Amino acid sequence: MRTGVWLVGARGSVATTSIVGGLALRAGLAGPTGCVTELPELRGPALPSFADLVFGGHDLATTPLYKRAEALADAGVVPGRLVAALPDELTAVEQELRPAPVGATQADRAAAVVRDLTSFRERHGLDRVVVVNVSATEPTPRPHPGHADPDALRAALTGPDEVLPPSSLYAYAALLAGCPYVDFTPSTGLRLPALAALAEQQRLPYAGHDGKTGETLVKSVLAPMFAMRNLAVRSWSGMNLLGGGDGATLADPAANAAKVQSKQRVLGETLGYVPQGNTRIEYVEELGDFKTAWDLITFAGFLGTGMRMEFTWHGCDSALAAPLVLDLARLTAAAHAAGHVGPLAELGFFFKDPLGAPTHSLAEQWARLTDFTRQLHAGRDGGHDHAG
Ligand SMILES: NC(=O)c1ccc[n+]([C@@H]2O[C@H](COP(=O)([O-])OP(=O)(O)OC[C@H]3O[C@@H](n4cnc5c(N)ncnc54)[C@H](O)[C@@H]3O)[C@@H](O)[C@H]2O)c1
């Protein structure tokens, strides 16, 4: 199953690490540590192989991919020997990267993206192209009447207004081009009624939001533990320090607010109440792609006895995120091939703010994911409609 992986934000840290990793796996130069789809519970014939994946994408930036990969190697995010071993492969991907679209109206820009996606699919004889948003986090957009339904949206996009934020404009174009869409970021993406309706009309699946790679991953394991032991969490405060492009973007208060909201949701929804405390994110340039999170949890046990727990997480963000981007591309391609339409709640395991999934518990999400994948492999599930 030849599958295009079209990365929006293709020259960013997560995208470049995904590309280097995908090429290294294809060449047999690296093992699949961190790729969930290579676990025995998920591996199987319904998923495209690493050799089946063809990369392309859009970015505002123009830094050559090879230079971005070398910078990540210098920073210790990817092994330098892999970047040095893949010059031809990285050049081939470079040829599939396109500048962010230009045009007088958003309708013109969407049409340019559709042309890029369609010609990518045709040039490589791909069965399908999964569009994955890994571009910079955006602030939440202002409401617009065009967000309500596909006809209102189509009309509004031909006017002078900035109706959609970039993540949603790419999602709109992906749907028009017949491509499933995955949002690895907390941006709006496909989360607008007009776009959800369009996905149904186009019979396409989509998944999101915001990859769960660090502090929130740990929270989604610990919070159910407190709930199951009937311990009362009184406060949960987290401090995240990070550098890199993502950290620089999150220095902007509006983008920061979108991310913090996404990180806090797991507590309220798992515990059934919101304990005191906040999650904070601070940009420390020196840390680059390596993130430190400190969490302090205070809780009460039997007869109100107070206790506390602290944890520290030191993660390399892009190395944690990239294998999940490959997993999501493979799983979403398989879901599309099986005829799934609408939000893929079964992929909630991968996200901080899972679309259509009622549970934030990692264990429950894992059970749903393995069940779903088993059905995909068994081919028993041909064409089950998730919409509505
Ligand atoms: N690394 C993780 O663990 C993790 C986890 C969850 C979510 N994310 C999200 O993934 C995204 C990428 O993170 P990163 O560390 O790679 O950031 P980054 O800043 O290194 O890369 C973002 C890229 O997006 C490009 N971009 C910005 N606006 C664009 C537009 N309109 N069109 C096309 N390209 C555009 C930028 O030029 C840049 O190359 C962020 O939104 C981040 O919040 C990352």
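So, how was this worked out
- Residues numbered from 1 in each chain as written.
- Predicted model: local features only at pLDDT ≥ 70, side-chain atom pairs only at ≥ 80, totals over all residues.
- Heavy atoms only, no water.
- UniProt positions renumbered as here; feature names shortened; annotations may be inferred.
- Salt bridge = Lys/Arg side-chain N within 4 Å of Asp/Glu carboxyl O.
- Helix = DSSP H or I, 4+ residues; strand = E, 2+ residues; numbered from the N terminus.
- Buried < 20%, exposed > 50% of the residue type's maximum accessible area, 1.4 Å probe, protein only.
- Near = heavy atom within 4 Å.
- Polar contact = N/O pair within 3.5 Å; in protein donor to acceptor, adjacent residues only side chain to side chain.
- Areas by Shrake-Rupley, 256 points an atom, 1.4 Å probe, with all protein chains shown as cover.
- Nonpolar A, V, L, I, M, F, W, Y, C, P; charged D, E, K, R; others polar.
- Disulfide = S-S within 2.5 Å.
- Pairing = 2+ DSSP bridges.
- Axes fitted to C-alpha atoms, helices over the stretch in contact; angles between N-to-C directions.
- Contact = heavy atoms within 4.5 Å.

Per an unreviewed UniProt entry, the protein goes by the name Inositol-3-phosphate synthase and belongs to Micromonospora parastrephiae. What UniProt records for the protein under Sequence similarities (unreviewed entry) is the sentence "Belongs to the myo-inositol 1-phosphate synthase family."

Some details on the pattern of salt bridges
Between side chains of opposite charge, a pair can form as their charged atoms come close. Per the counting criterion, the structure on display carries twelve salt bridges. Where Arg123 meets Glu96, a salt bridge forms, and the shortest distance between an N and an O atom there is 2.5 Å. You can see Arg123 sitting in helix H5 (residues 106–123) and its partner Glu96 sitting in the loop between helix H4 (87–94) and strand S3 (97–99), a full 27 residues away along the chain. Here Arg123 falls in the partly exposed class, since its relative accessible area comes to 41%. A salt bridge links Asp371 to Arg374; the shortest N-O distance between them is 3.3 Å. With Asp371 and Arg374 both in helix H13 (residues 362–378) and three residues apart, the pair spans about one turn of that helix. Assessed through its relative accessible area of 36%, Asp371 is described here as partly exposed. Members of the salt-bridge network, linked through shared partners, are Glu38, Arg43 and Arg330.

Brief notes about the site of the ligand
Taken together, 27 residues surround the ligand, and among them Val14, Asp59, Ser135, Thr137 and Thr213 come closest. For the ligand, an oxygen atom lies 3.0 Å from a polar atom in the backbone of Ser13. Within the side chain of Thr137, a nitrogen or oxygen atom sits 2.8 Å from an oxygen atom of the ligand. Protein coverage of the free-state accessible area of the ligand, which is 850 Å², stands at 90%. Listing elements by their share of the shell around the ligand, those giving two or more residues are helix H1 (13–26), strand S2 (53–59), helix H7 (166–176), helix H10 (244–250) and helix H12 (317–337). For the shell around the ligand, the class distribution of residues is ten nonpolar, ten polar and seven charged.

A few points about the state of the cysteines
Here, the word disulfide means a covalent bond between the sulfur atoms of two cysteines. Scanning the entire structure with this criterion turns up zero disulfides. Free of any disulfide, Cys35 has its nearest neighbouring cysteine sulfur in Cys316, separated by 15 Å. When its relative accessible area of 6% is taken as the criterion, Cys35 is described as buried. Accessibility expressed as a relative area gives 12% for Cys316, which makes it buried.

A look at the sheet that holds strand S9 (residues 290–300)
If you trace the four strands from one edge of the open sheet to the other, you get S8-S7-S9-S10, paired in mixed fashion. Each end of this open sheet is capped by a strand with a single partner; those strands are strand S8 (279–283) and strand S10 (306–316). If you compare each strand with its neighbour and ignore which way they point, the axes differ by 10 degrees on average. Packing of H12 onto the sheet brings it into contact with strand S7 (232–242), S9 and S10, and relative to S10 it is tilted by some 80 degrees.

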